[in-house]
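# Architecture and fold: a report
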Amino acid sequence: MVGILVRLESTLGRHGASGARGGTLALLVGGAALTWYVTVVASSAEVRSQLLMLLGAVWAGAWILGPTITNGVGVLRPQYFTLLPLERSQVGTGLWATAFVGVGPALTLVAMASTARHAWLSEPATLSLGLLGMLLSVVFMVSLSRLVFRALGAAMHTRVGMEIASVQWGLIVAGLFFGWAAIGPALSAAGDLAERGFPAPVVTGLAALPTSWPIAAVDAAASGAWGAAFGLLGAFTLLTAATVLATVRLLAPRVNARGRGRRSRPLGHRRSARRLPLLPDGPLGAVVGKELRSWWRDPWRALELRSALYAGLFIGLFGLMADRPWITLSAGVFTALVMAMGGSNMYGHDGSALWLTVVGQGRDTVRADVRGRQIAIALLIVPGTLLLGLVSVLVSGEPGASPYMLAGLLVILGVGNGLSVLLSVVAATPGVEPHLRVDANDTGDTRVQVWTSLIAIPLLSSPTIVVALLAGGWWAVPVALVNGSVGAWLLGRLAHRRLAARLPETFARIRYGGRVAERSLPRSGGDPLDLLERTALSTNEDTRPTGS
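Throughout what follows, the structure given in this document is the object of discussion. Since the model is a prediction, treat every value here as computed from it, not as a measurement.

Within the protein, the regular secondary structure consists of 25 helices and zero strands. Out of the 548 residues in the protein, the part that is buried amounts to 49%. Taking the contacts inside the protein whose residues are at least 6 apart along the sequence as the reference set, 82% of them involve residues at least 24 apart. Surface summary for the protein: the accessible area is close to 25,400 Å², and the carbon and sulfur share equals 68%.

Another aspect to go through is the packing of aromatic side chains. Taken as a whole, this structure holds seven aromatic pairs when the rule is applied. An angle of 80 degrees between the planes, with centres 4.9 Å apart, marks the rings of Phe 178 and Phe 334 as edge-to-face. Taken together, the residues span a long stretch of sequence, with Phe 178 in helix α7 (residues 159–188) and Phe 334 in helix α15 (residues 331–342) at a distance of 156 residues. Per residue, the accessibility class of Phe 178 equals that of Phe 334, and both read buried. Each ring, one from Trp 226 and one from Phe 230, has its centre 5.9 Å from the other, and the planes form 40 degrees; the classification is tilted. Placement of the pair is Trp 226 and Phe 230 together in helix α11 (residues 226–251), with a separation of four residues, close to one helical turn. The structure contains a cluster of three or more aromatic residues connected by ring pairs, namely Phe 177, Phe 178, Trp 326 and Phe 334. Residue placement shows Arg 373 over the ring face of Tyr 347; its charged tip is 4.1 Å from the ring centre.

In this section: helix α22 (residues 473–501). Taking 1.5 Å of rise per residue, the 29 residues of α22 would be expected to cover 42 Å, and the 41 Å separating its terminal C-alpha atoms lies within 8% of that figure. Of all the bends in α22, the greatest measures close to 25 degrees and is centred on Val 479.

This part takes up a nonpolar patch on the surface. A cluster of nonpolar side chains, Leu 313, Leu 317, Leu 320, Met 321, Leu 387, Leu 390, Val 391, Leu 394 and Val 395, forms an exposed patch at the surface whose accessible area comes to about 850 Å². Elements supplying a minimum of two residues to the nonpolar patch: α13 (299–322) and α18 (365–396). The element contributing the most residues to the nonpolar patch is α18, with five residues. Following the sequence through the fold, Met 321 ends up in helix α13.

Ranked by size, the top nonpolar core spans 69 residues in total, and within it Trp 295, Met 339, Tyr 347, Ile 412, Ile 457 and Leu 499 carry the most contacts. Here this core gets 13 residues from one element, more than from any other, and that element is helix α19 (residues 402–426). Excluding anything up to four places from it in sequence, Leu 499 contacts Tyr 347, Val 366, Asp 369, Val 370, Val 425 and Thr 506.

As enumerated under the stated definition, the model contains 12 salt bridges in all. Between Arg 498 and Asp 527 there is a salt bridge whose closest N-O contact spans 3.8 Å. Taken as a pair, Arg 498 in helix α22 and Asp 527 in the loop between α24 (514–517) and α25 (528–539) lie far apart in primary sequence, 29 residues in all. The partner of Glu 533 in a salt bridge is Arg 498, with the nearest N and O atoms 2.6 Å apart. With Glu 533 in helix α25 and Arg 498 in helix α22, the pair connects residues that are 35 residues apart, well separated along the chain. Given the relative accessible area of 1%, Glu 533 is considered buried.

This part is about the side chain of Thr 247. Looking at the secondary structure, you find Thr 247 in helix α11. A relative accessible area of 1% places Thr 247 in the buried class. Reaching out from Thr 247, the side chain makes a polar contact with the backbone oxygen of Ser 143 at a distance of 3.1 Å.

Calculation notes
- Note on numbering: residues in each chain are counted from 1, in written sequence order.
- The model is predicted, so local features are restricted to residues of pLDDT at least 70 and side-chain atom pairs to those at 80 or more, both for listing and for counting; the totals for chains, interfaces and linings are taken over all residues.
- Values shown for side chains rest on all heavy atoms present in the structure; no hydrogens or waters enter the calculation.
- Note on conventions: DSSP H or I runs of at least 4 residues are helices, E runs of at least 2 residues are strands, and numbering of each starts at the N terminus.
- Relative accessibility thresholds used throughout: buried, under 20% of the residue-type maximum; exposed, over 50%; partly exposed, between the two (1.4 Å probe, protein chains only).
- The contact criterion used throughout is that any non-hydrogen atoms of two residues lie within 4.5 Å.
- Computed with a 1.4 Å probe, the accessible areas rest on the Shrake-Rupley method; for each residue, only the protein chains presented here act as cover.
- In summary, the pairing rule links any two rings of Phe, Tyr or Trp, Trp by its six-membered ring, whose centres are within 6.5 Å, and it sorts them by plane angle into stacked for under 30 degrees, edge-to-face for over 60 and tilted for everything else.
- Throughout this description, the term charge over a ring refers to an Arg CZ or Lys NZ atom that lies within 6 Å of the ring centre and within 35 degrees of the ring normal.
- Multiplying one less than the number of residues by 1.5 Å gives the expected span of a helix.
- Take the seven residues that end at a residue and the seven that start at it, fit an axis to each, and the angle between those axes is the bend at that residue.
- Patches here: salt-bridge-free residues with over 30% relative accessible area, like charges joined within 9 Å, nonpolar side chains (Val, Leu, Ile, Met, Phe, Trp, Tyr) joined within 5 Å.
- For this analysis, a salt bridge means a side-chain nitrogen from Lys or Arg found within 4 Å of a carboxyl oxygen belonging to Asp or Glu.
- Only buried residues count toward a nonpolar core. Its members are Ala, Val, Leu, Ile, Met, Phe, Trp, Tyr and Cys residues joined through side-chain atoms within 4.5 Å.
- Throughout this description, a polar contact denotes any pair of N or O atoms lying within 3.5 Å of each other; where both atoms belong to protein, one of them has to be capable of donating a hydrogen while the other can accept it, and for residues adjacent in sequence the pair is counted only when both atoms sit in side chains.

Nothing here speaks to function; it is all geometry.
Here it is in structure tokens:
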């Protein structure tokens, strides 16, 4: 059974879409080369040990965060085997074994082989410990990667788990944008590390990490403390075994109902609203209410909203740590930007529920659906971004920058609002049906939406940027208000007209996958939206089999 799953994973990997495989391979090769370079340039065995401990922690962190950033791990999912007459533990073991298929584990093994070289250079008699530590490190990192990713998905079924996942996502996004500001002081001193090593407190902290125990075991054996060496390596073996067992258990298929959503009602839907309704009657009010409930109750939608807020919070903290007020001031602006990217696949989030709109389409159904989504997002994100913007001005000590911050907020809130709903229509990417979701990335691949947002939002905000640079911040505020409002209205108009014209085709793309949708598009030519849709179909990867 294990061999069959390994061969299946290998075959599917060879014939699947390449995606970002080239960039990932370059990073892996660069990381392995850097790890070996450290063993060459280190001035002494002690310094080499410290640097290898640091790089071991970096490799483990990359394995933990990599699947989340690259939108998943592998192509075999536990739920594919739910109805087969197989032991759950057997399937879990097979899926765990498939984690070691691919170039990632192979290059990690190459990098961890530096532990064996360190052992040989320190004391040839410790080579066996270095080889064992090398193998255990690879097993631990790969297993930990699958364990964290699967645990993150399992935690999405609870409110506390979803909040933890949102913090992790927010930290990842903030680190991708401004992580350099937080680690800048450390990088400035990197030139002396190969010569002098780390200060004692840093060495103590590194040695306490489990990924450092194989290196510490080699060092202990080289100094004659074989008892401590076997103790450290034994503890790491037990930890690796526990990680493997937990991973196998989480990878085993299960049939569970989704976690219950929050039962409290969003603003405008409390029972007292019957006497004083906050939402208008009719299709528009119904869509706004439905969207508010969805963003409030659905863990996968709430993840997008909360991770945007946490990303802005972490960006502000990075600015304070690096003493760069302009980064702190951009906390609210980047919250709006991240939310625009996170909401750029709303129809993919909904899954085949779009069928209700198809069969119930009326004169204003599609327009109300698009405008209602825009209004709901604005009601949810505007208060948080304004609060973050106000706090960022207060803590940065730069009150004179408040008009620039306000102008940036207004324009990105508006433009991002319109662009996210347009991309949700044009570049909708199918994900796992809401009631079948397991992992945090099950709502669909959004690479095209993210890169389009990063390019299009600054371009669409250019009138505000030009006025802010030439005339000053206070002149830019009314321009930003007009720029954002017009952008939200025009892009929303494009979205609902496109959806009305291609509603059945959009549903087919979400229900049956990208290859089916390609048949309804011209192979070349067409308007820019056709080009964007073709790009999304050829680049974004479906997270479930076609026709499932």
